[in-house]
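Descriptive analysis of the structure
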Amino acid sequence: MEIVVCVKPVPEAESRLRANASGTAPDTDGVKFVLAGYDESAVEQALLLRQAVPGSKVHAVSLGPPSRTDEVLRAALALGSDSATAAESDAPPMADPIATARGLATAIAARGPCDLLLFGKQAGDDEEGLVGGATAEALGLPFVGFVVDLRFDAAASRLRFRRSVERGEESWESPLPLAVGLQQAWNDPRTATLPAILRSRKAPLARHAAGPGAAVAAASVAERFALPPPRQGAKMIAYRDPQQAASQLVRLLREEAKVFP
Amino acid sequence: MVDFSLSPEAESLRDLARKFARTEMAPHAAECDRTPRFPEEIYRKAHALGLMNLNVPSEYGGSGLGLFDQCLIVEELAYACAGMTTSIIANCLALEPILLGGTPEQRSRFLSPFCASYQLASFCLTEPSGGSDAGALRTRARRDGDAYVLDGEKCFITNAPHAGLYTVFATVDPTLRHRGVTAFVVPRSAEGITPGKDEEKMGHRASSTSTVRFDKVRVPVSDRLLADGEGFGLAMRTLDQTRTPIGALATGIGQAALDHAARYALKRETFGKPIAEHQAIQIKLANMTQAVRAARLLTWQAAWTIDRGEKGTLESSVAKCFASDAALLVADEAIQTFGGYGYMKEYPVEKLLRDAKLTQIYEGANEIQRTVIARELLRGYA
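Residues numbered from 1 in each chain as written. Chains lettered and ligands numbered in written order. Predicted model: local features only at pLDDT ≥ 70, side-chain atom pairs only at ≥ 80, totals over all residues. Heavy atoms only, no water.

**Brief notes about the domain arrangement of chain A**
Note: interface size is frequently given as the accessible area lost on complex formation between the parts. Taken as a whole, chain A is organised into domain 1 (2-216) and domain 2 (232-261). When each unit is reduced to the centre of its C-alpha atoms, the spacing between domain 1 of chain A and domain 2 of chain A is 48 Å. (Domains from an automatic or database assignment.)

Written out as structure tokens, the structure reads:
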């Protein structure tokens, strides 16, 4: 089974993001881009399937400029991916998801056969969750999101998996090829070992030009990027007698927070 | 030109160590210190990830890192728990004499099993009657046919109760002083070895330290490193390699103390404002910052010098001595920043002071480091 995993470089969780000078995107100067938790789960799922289905290969693909994609692809290699492909694009981070999907689809099609296409359920930064479905659409593959516990039934030549939905869980089966968005961390992603990290530094990265050009022309453009306003400080009510504290709380809820008329 | 930025490879190694330190070590640091407990499950995980045996070349299955990369890793581990770090890096110290003095056959026989599966080794140099004066050691090695018979006692030996292998320094003739010192590799299974009970220590309580007695322990000549009388030089060359990571370990303690103090200073209010806005606290934080950064840079410089193939005796002594003194100062100031809370075991900073103290003593007491520094310095003026 040829398994392709799309991995997105996202700002490290501890990064302190600011808006750029034009106020349309985050300023990425000095920001470190890493493999997102959702995508780690997808890589882990790919590695588990490869272990279960002899002869399988895992290929990581990431879109963006080398300054963002390369470290993420090396992280995927260190975890155990067999190959890594950079879909080179000068698109800014958190760019238009349809353009990203088209760029990824071009690179995936050019890379070689793909029986199973995996994504994290959504990106760790903008949390849009659009690229998986859109890439599947561009490649003409069916797509299922919010999946856990993907297994391959070799006898029936079908994938079996579960899907978290609002009131419970669905059980699915599907033939190949298929594109899947995976829930985060249900599979406790492994940590790359030190020797694997050292090996990944020397592994070659395949490069595929995913832009510029019509394939990655943005369908939408971000007009404004701003951080949420800072949280207002909590108001502490000095506590002497409970009745007095309660009536003061009710007064504040009514007059300041305006939650009651 | 000098470049202080880390390569992407170095950064990825540091990130691995940071992740391991913060998710696997830090949550257990307080408990292992209080109990005390030797968290072998954490050391097994460190081994599985390749964070042990950092100095063993990859041909024997080790990580084969240079000293600079080792230092990046050690600082991150020590940030979470200095005691666990001491136990994790004790293999590097114990195996270094085999790396430096072993024949290819000895290296492959002794080093490969350590990388293939989790196992601990102990470096046995110090004795009850003397640590710094290593030429005066009393453990005897008497030649008997194609073997030696070891008799004596070692003390303050890291990981000794849990170790499967000991690198032991003994003398073939005490009257020869350092010219009689000879090095041996001794498996725990050899008859006549008795590790003592765990010492109750002030700090580094997640690590295990004990005496080791050798009673008529037979060691075949094939397990001797180098020749008779070449053990002292081998011990010194070993410590030249392992001294610098102690600078990194101390830097990790200092950075942890600084981070705790700065965060607390922003939160804790007195006289109507956070104490970080009082100049008295700002001066402390500024001094702590200088000490930690200087310790790191001196450590990096020593590691860089040795990685270039130079001996780096002066540089590594300066790094170890300065960084350990800095760690004690910074931990002390962190406690003062916390005030009464800093003195309480419920808060994390008093442990840092106890842990920092050992870095001034082990792997060459700072008095010895200063002797070495002065000797190396004056050589340039003579």
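Structure's up, so let's keep going.
**Brief notes about the environment of Ser108 of chain B**
Residues and elements named next belong to chain B. Inspection of the secondary structure assignment puts Ser108 in helix α5 (residues 104-116). Judged by relative accessible area, which is 37%, Ser108 ranks as partly exposed. Sequence separation between Ser108 and Gly61 is 47 residues, and the spatial gap between their C-alpha atoms is 9.8 Å. When neighbours within four sequence positions are excluded, Ser108 is seen to be in contact with Tyr60 and Pro113. (Helix = DSSP H or I, 4+ residues; strand = E, 2+ residues; numbered from the N terminus. Buried < 20%, exposed > 50% of the residue type's maximum accessible area, 1.4 Å probe, protein only. Contact = heavy atoms within 4.5 Å.)

**So, the confidence of the model for chain B**
Looking at chain B as a whole, its pLDDT mean stands at 96, while 100% of the residues score no less than 70. Both confidence scores are given for the complex: pTM 0.90, ipTM 0.87. (pLDDT = per-residue confidence, 0-100.)

**Digging into the side chain of Thr251 of chain B**
Along the chain, Thr251 of chain B turns up in helix α6 (residues 231-267). Residues within four places of Thr251 of chain B in sequence aside, it is in contact with Glu75, Val292, Ala295, Arg296, Thr299 and Ala323 of chain B.

**Considering the interface of chain B and chain A**
Contacts between the two partners involve 17 residues from chain B and, on the opposite side, 10 residues from chain A. Here chain B and chain A share 2 salt bridges between them. Asp15 of chain B is paired through a salt bridge with Lys32 of chain A; the nearest N and O atoms lie 2.3 Å apart. Where chain B touches chain A, the interface holds 3 residue pairs in polar contact (both at pLDDT 80 or more). Classifying every residue of the side of chain B that touches chain A gives 9 nonpolar, 3 polar and 5 charged. (Salt bridge = Lys/Arg side-chain N within 4 Å of Asp/Glu carboxyl O. Polar contact = N/O pair within 3.5 Å; in protein donor to acceptor, adjacent residues only side chain to side chain. Nonpolar A, V, L, I, M, F, W, Y, C, P; charged D, E, K, R; others polar.)

**Observations concerning helix α3 (residues 97-111) of chain A**
Across its 15 residues, α3 of chain A extends 21 Å between first and last C-alpha, which sits within 8% of the 21 Å expected from 1.5 Å per residue. Looking only at α3 of chain A, the buried set comprises Pro97, Ala99, Thr100, Ala101, Gly103, Leu104, Ala105, Ala107 and Ile108 of chain A. (Expected span 1.5 Å × (residues − 1).)

**Notes on helix α4 (residues 131-139) of chain A**
Residues and elements named next belong to chain A. All buried positions along α4 are accounted for by Gly132, Ala134, Thr135 and Ala136. Buried residues along α4 sit against α3, β6 (116-120), β7 (143-153) and β10 (178-182). With its phi angle positive at about 75 degrees, Gly140 sits one or two positions after the end of α4.

**Some details on the sheet that holds β6 of chain A**
Residue and element names in this part refer to chain A. Judged by pairing direction, the sheet is mixed, and its 9 strands sit side by side in the order β9-β8-β7-β10-β6-β1-β4-β5-β11 without closing on themselves. If you trace the sheet from one side to the other, it starts and ends with β9 (168-174) and β11 (206-209), each paired once. In this sheet, adjacent strand axes meet at a mean angle of 30 degrees when their direction is disregarded. Of the strand pairs in this sheet, β7 and strand β8 (residues 158-165) are connected by 5 bridges, and their pairing is antiparallel. Bridge pairing links Val147 to Arg163 in β8. Helix α2 (residues 66-79) rests against β4 (57-64), β5 (83-88) and β11 of the sheet, and its axis sits at about 165 degrees to β4. Contacts between α4 and the sheet are confined to β6, β7 and β10, with β6 contributing the most and set at about 160 degrees to the helix. (Pairing = 2+ DSSP bridges. Axes fitted to C-alpha atoms, helices over the stretch in contact; angles between N-to-C directions.)

**Considering the packing of helix α1 (residues 8-34) of chain B against helix α4 (residues 82-101) of chain B**
All names here are of chain B. The interhelical angle for the contact between α1 and α4, taken along N-to-C directions, is 110 degrees, at an axis separation of 9 Å. The angle between the axes of α1 and α4 places the two elements in the roughly perpendicular class. Listed contacts from α4 to Met25, His28, Ala29 and Cys32 of α1 are Met84, Thr85 and Ile88. Among the residues forming the contact of α1 with α4, the class breakdown is 5 nonpolar, 2 polar and no charged. (Parallel < 35°, antiparallel > 145°, perpendicular 65-115°, else oblique.)

**Quick look at the nonpolar core**
Among the nonpolar cores identified, the biggest contains 63 residues, and Leu116 and Leu118 of chain A together with Met25 of chain B are the most heavily contacted of them. For Leu118 of chain A, the residues in contact, after removing those within four places along its chain, are Ile3, Val4, Val5, Cys6, Ala42, Gln45, Ala46, Leu150, Val180 and Leu182 of chain A. Residues Ala78, Ala257, Leu258 and Ala265 of chain B belong to the second largest nonpolar core, which totals 45 residues. (Core = buried A, V, L, I, M, F, W, Y, C linked by side-chain atoms within 4.5 Å.)

**Digging into the pattern of salt bridges**
Side-chain pairing between opposite charges can occur once the charged atoms of the two side chains come close. All names here are of chain B. Per the stated rule, a full pass over the model turns up 44 salt bridges over all chains. As a salt-bridge pair, Asp33 and Arg205 come within 3.9 Å of each other at their nearest N and O atoms. In this pair, Asp33 sits in helix α1 while Arg205 sits in the loop between β6 (193-195) and β7 (209-220), placing the two residues 172 residues apart along the sequence. Residue Asp33 is classed as buried on the basis of its relative accessible area, which comes to 8%. Note that Asp355 and Lys351 form a salt bridge whose closest N and O atoms lie 2.8 Å from each other.

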